[in-house]
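Now for the letters of each chain:
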Amino acid sequence: MNDQLRAALQQMPKAELHIHIEGSLEPELIFALAERNGVALNYASVEELRAAYAFTDLQSFLDIYYAGASVLLREQDFYDMTAAYLARAEADNVRHAEIFFDPQTHTARGVPMRTVIDGIHRACQDSPVSATLILSFLRHLSEEDAFATLEAALPLRDKYIGIGLDSSEVGNPPEKFARVFARCKELGFHLVAHAGEEGPPAYIGTALDLLKVERIDHGVRCLEDAALTARLAREQIALTVCPLSNVKLRVFDKMEQHNLLALLDAGLAVTVNSDDPAYFGGYMNDNFIATFEALPLGLSHAQRLARNGFAAAFLPAAQKQKYLDEVDAFFAAL
Ligand code: HPA
Ligand code: ZN
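Residues numbered from 1 in each chain as written. Chains lettered and ligands numbered in written order. Predicted model: local features only at pLDDT ≥ 70, side-chain atom pairs only at ≥ 80, totals over all residues. Heavy atoms only, no water.

In this section: the coordination of the zinc ion (ligand 2). Within the protein, the zinc ion (ligand 2) binds to His18 (NE2), His20 (NE2), His194 (NE2) and Asp275 (OD); these donor distances fall in the range 2.0 to 2.2 Å. Coordination at the zinc ion (ligand 2) is irregular: its four donor atoms span angles of 82 to 173° at the metal. Donor residues for the zinc ion (ligand 2), ordered by position in the chain, follow H-x1-H-x173-H-x80-D. Of this pair, His194 sits in strand β5 (residues 190-195) while Asp275 is found in the loop between β8 (269-272) and α14 (277-280), placing the two residues 81 residues apart along the sequence. (Donors = N, O, S within 2.8 Å, 3.2 Å for Na, K, Ca; no water. Tetrahedral: all angles 85-135°; square planar, octahedral: opposite > 155°, others 65-115°. Helix = DSSP H or I, 4+ residues; strand = E, 2+ residues; numbered from the N terminus.)

Dropping the structure here:
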């Protein structure tokens with residue numbers, strides 16, 4: 001890749017729309033928090049933990065990801081994790097981030113809901129990066145558990161703007177959560193769901209039709225269904241694609257095989273995101289650089305991807321336009 005393209009990828013203003021805050025916990029911080037809180041880990045050292053990050057599929061990752069999150073107990077822990085992510089995002093010229101958090105991972109261990117939300121939210125308030133929160137239900141748990149989680153989080157509803165759906169996809173289809181998503185829609189939240197990462201393209205259609213989501217997280221398997229692809233293009237449904245994640249979790253064996261360019265060529269509203277940057281080998285700029293190194297992508301693709309991120313953000317129209325103008329000004333000045 002030439003120097004101009006690399007510099008543009010690094011310096012262009014970005015929005016990140018698919019980041020699990022628990023997936024930003026670096027091994028060093030996991031060990032520091034384990035020590036601070038007296039939590040025992042199954043790994044003797046940072047190196048040993050990092051060496052365990054050799055995933056074969058989504059579930060093999062999720063098992064380690066939930067174990068890593070077990071060190072989070074106090075509000076300050078959630079604050080420190082989020083502040084560390086936002087500092088990395090700022091360094092990558094991320095202007096706006098919409099951050100997933102998984103409350104059930106913590107409330108199931110006895111951590112109060114307000115400890116989770118207050119800690120993450122306070123770090124967002126203190127950052128120069130614009131940051132909002134999306135509460136995600138774990139789809140391997142029941143819809144009843146999701147309802148109870150919503151109930152517990154509603155007193156803090158001013159601190160998050162949307163609802164998402166993550167964890168083990170195959171066998172946990174969108175329809176399992178149709179009632180709780182209907183309730184969240186009534187309450188006025190933005191709605192998103194992971195679909196078509198490991199699960200079949202049909203889950204993308206049911207996430208749209210039954211859950212009424214506004215964006216699809218991942219969605220890369222849509223290309224297996226021509227009618228679905230045409231619909232996503234026609235309706236300009238944003239896909240929050242995570243290239244390094246897809247290679248680490250073996251959705252694609254190598255970055256050269258990633259379908260990001262094919263998705264763009266199909267006219268889809270593709271965005272680039274980091275998913276779980278501490279586990280998958282990098283933050284936003286690492287994702288852009290790895291993708292552009294492996295695929296025949298150039299400056300016009302970079303501009304389109306940067307624009308798509310802001311266009312798909314849950315932001316007021318004027319704010320969105322300001323960011324889009326900033327992207328266009330950046331590329332016009334190259
Ligand atoms: N997929 C599903 N659930 C997740 C992911 C993911 O990529 N990251 C964190 N939870
Ligand atoms: Zn994800």
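Attention now goes to helix α17 (residues 317-332). Under the 1.5 Å per step criterion, the end-to-end length of α17 is 22 Å for 16 residues, consistent within 8% with the ideal 22 Å. For α17, every residue scored as buried is listed here: Lys320, Tyr323, Leu324, Val327, Phe330 and Phe331. Viewed along the axis of α17, the buried residues span an arc of 120°, placing them on a single side of the element. Pointing more than 90 degrees away from the buried face of α17 are the exposed residues Ala318 and Ala332. Where α17 is buried, its residues touch α1 (3-11), β2 (94-101), β3 (130-138) and α16 (299-311). (Expected span 1.5 Å × (residues − 1). Buried < 20%, exposed > 50% of the residue type's maximum accessible area, 1.4 Å probe, protein only. Arc of directions from axis to C-beta. Contact = heavy atoms within 4.5 Å.)

All right, on to the pattern of salt bridges then. Within the structure shown, the criterion is met by 17 salt bridges. Lys159 is paired through a salt bridge with Asp118; the nearest N and O atoms lie 2.8 Å apart. Taken together, the residues span a long stretch of sequence, with Lys159 in the loop between α8 (143-153) and β4 (162-166) and Asp118 in helix α7 (residues 113-126) at a distance of 41 residues. Take Lys159: its relative accessible area is 27%, and that puts it in the partly exposed class. Given the relative accessible area of 21%, Asp118 is considered partly exposed. Arg183 serves as the salt-bridge partner of Glu186, at 2.8 Å between the closest nitrogen and oxygen. (Salt bridge = Lys/Arg side-chain N within 4 Å of Asp/Glu carboxyl O.)

Among all positions of helix α10 (residues 202-209), only Tyr203, Ile204, Gly205, Ala207 and Leu208 are buried. On its buried face, α10 is in contact with β5, β6 (215-218) and α11 (226-234).

Right, let's talk about the packing of aromatic side chains for a bit. Applying the stated rule across the entire model yields 15 aromatic pairs. Look at Phe61 and Tyr279: their rings are 5.4 Å apart centre to centre, the planes differ by 75°, and that puts the pair in the edge-to-face class. On the criterion of sequence distance, the pair formed by Phe61 in helix α4 (residues 58-68) and Tyr279 in helix α14 is long-range, its members being 218 residues apart. The residues Phe61 and Tyr279 share a single accessibility class, namely buried. Seen in terms of ring centroids, Tyr160 and Phe189 are 5.1 Å apart; in terms of plane orientation they differ by 15°. Their pairing is stacked. Taken together, the positions of Tyr160 in the loop between α8 and β4 and Phe189 in the loop between α9 (178-186) and β5 put the pair 29 residues apart, joining distant regions of the chain. Assigned by exposure class, Tyr160 and Phe189 land together as buried. (Phe/Tyr/Trp six-rings, centres within 6.5 Å; stacked < 30°, edge-to-face > 60°.)

Below, the discussion takes up the packing of α8 against α9. Contact geometry of α8 with α9 gives a least axis separation of 9 Å together with a crossing angle of 25°. It follows from the interaxial angle that α8 and α9 lie roughly parallel. Between α8, through Glu143, Ala146, Phe147 and Leu150, and α9, the contact on the second element is made entirely by Ala178, Arg179, Val180, Arg183 and Cys184. Here the residues of the contact of α8 with α9 sort into six nonpolar, no polar and three charged. (Axes fitted to C-alpha atoms, helices over the stretch in contact; angles between N-to-C directions. Parallel < 35°, antiparallel > 145°, perpendicular 65-115°, else oblique. Nonpolar A, V, L, I, M, F, W, Y, C, P; charged D, E, K, R; others polar.)

Surrounding ligand 1, one finds His20, Leu58, Phe61, Leu62, Tyr65, Asp166, Ser167, His194, Glu197, His218, Asp275 and Asp276. With respect to ligand 1, the backbone of Ser167 contributes an N or O atom lying 2.8 Å from a nitrogen atom. Within the contact set of ligand 1, an oxygen atom lies 2.8 Å away from a side-chain nitrogen or oxygen of Asp275. When isolated, ligand 1 has an accessible area of 260 Å², and the protein chains bury 100% of it. In the shell around ligand 1, the residues fall into four nonpolar, four polar and four charged. (Near = heavy atom within 4 Å. Polar contact = N/O pair within 3.5 Å; in protein donor to acceptor, adjacent residues only side chain to side chain. Areas by Shrake-Rupley, 256 points an atom, 1.4 Å probe, with all protein chains shown as cover.)

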